[in-house]
Amino acid sequence: QLQLVESGGGLVQAGGSLRLSCTAPRAIFSVFIDYTMGWYRQAPGKERELVASIAHSGTPTYADSVKGRFTIARDNSKKRVFLQMNNLKSEDTAVYYCAADREGIRTWGPGTQVTVPS
């Protein structure tokens, strides 16, 4: 079973940057490259929402709220996906989850907290 481990969350002032990382340590490389990887977030009292995703081809998609500020990338050789977050705002405060989609099955990581005080 695929296991995802996130890191890189924390507290940062508005306008600052964070880089989230998600790795799949037990994944087989030839299988990992087929996954569409994504970052989702869930703020208190709100539903979980897609922040960014990246297909196995490397094509990224972004939520409108983060376009121009966040960048998603993947390093298949290291079975890792990144989310570079710049110009952070208080409304970016949430638990961020890594997700892996393949053949209709989604696997979630445990999440990492990002806090941007207002």
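Above this text you will find the structure in question.
Residues numbered from 1 in each chain as written. Predicted model: local features only at pLDDT ≥ 70, side-chain atom pairs only at ≥ 80, totals over all residues. Heavy atoms only, no water.

**Regarding the overall build of the protein**
Of regular secondary structure, the protein possesses one helix and eleven strands. Beginning at the N terminus, the succession of helices and strands in the protein can be written as β-β-β-α-β-β-β-β-β-β-β-β. Over its C-alpha trace the protein gives a radius of gyration of 14 Å, about what one expects of a compact globule, namely 13 Å for 118 residues. By its C-alpha atoms, the protein is 45 × 25 × 20 Å across when sized along the principal axes. In the protein, buried positions account for 42% of the 118 residues. Restricting the contact set of the protein to residue pairs at least 6 apart, pairs at least 24 apart contribute 52%. About 6200 Å² of surface is accessible on the protein, with carbon and sulfur atoms providing 49% of the total. (Helix = DSSP H or I, 4+ residues; strand = E, 2+ residues; numbered from the N terminus. Rg over C-alpha atoms; globule rule 2.2 N^0.38 Å. Buried < 20%, exposed > 50% of the residue type's maximum accessible area, 1.4 Å probe, protein only. Contact = heavy atoms within 4.5 Å. Areas by Shrake-Rupley, 256 points an atom, 1.4 Å probe, with all protein chains shown as cover.)

**Topic: the sheet that holds strand 7 (residues 70–75)**
Taken in spatial order, the four strands make up an open sheet running 1-3-8-7, and their pairing is antiparallel. Where the open sheet ends on each side, the last strands, each with one partner, are strand 1 (5–7) and strand 7. Pairs of neighbouring strands in the sheet enclose a mean axial angle of 15°, with direction left out of account. Inspection of the sheet shows strand 3 (residues 18–23) paired to strand 8 (residues 80–85) by six bridges, in the antiparallel sense. (Pairing = 2+ DSSP bridges. Axes fitted to C-alpha atoms, helices over the stretch in contact; angles between N-to-C directions.)

**Some details on the nonpolar core**
Counting residues in each nonpolar core, the largest one holds 30 residues, and the members touching the most others are Met37, Trp39, Leu83, Met85 and Tyr96. Counting only elements with at least two residues in this core, the list comes to strand 3, strand 4 (36–42), strand 5 (49–54), strand 7, strand 8 and strand 9 (94–102). Top element by residues in this core is strand 9. It accounts for four residues. The contact partners of Met37, leaving out residues within four places of it in the chain, are Leu4, Cys22, Phe32, Ala52, Ser53, Ile54, Ile72, Arg74, Val81, Cys98, Ala99 and Ala100. (Core = buried A, V, L, I, M, F, W, Y, C linked by side-chain atoms within 4.5 Å.)

**Points about the state of the cysteines**
Counting across every chain of the model gives one disulfide. Note on cysteine connectivity: Cys22 is disulfide-linked to Cys98, with sulfurs 2.1 Å apart. One quick way to see it: the torsion about the S-S bond of Cys22 and Cys98 is about -80°, and its sign makes the bridge left-handed. Here Cys22 is found in strand 3, whereas its partner Cys98 is found in strand 9, with 76 residues between them in sequence. Residue Cys22 is classed as buried on the basis of its relative accessible area of 1%. (Disulfide = S-S within 2.5 Å.)

**Considerations on the pairing of strand 3**
Counted residue by residue, strand 3 has five buried out of six residues, so it is predominantly covered. Note that strand 1 and strand 3 share three bridges and pair antiparallel. The residue bridging Ser7 from the neighbouring strand is Ser21, located in strand 3.

**Describing the packing of aromatic side chains**
Applying the stated criterion across every chain yields a total of two aromatic pairs. A ring pair is formed by Tyr40 and Trp108, whose centres lie 4.9 Å apart and whose planes are at 70°; its orientation type is edge-to-face. With Tyr40 in strand 4 and Trp108 in strand 10 (residues 105–108), this residue pair connects regions lying 68 residues apart in the sequence. Overall, the relative accessible area of 12% leaves Tyr40 in the buried class. (Phe/Tyr/Trp six-rings, centres within 6.5 Å; stacked < 30°, edge-to-face > 60°.)

This is a description of form; function is not addressed.
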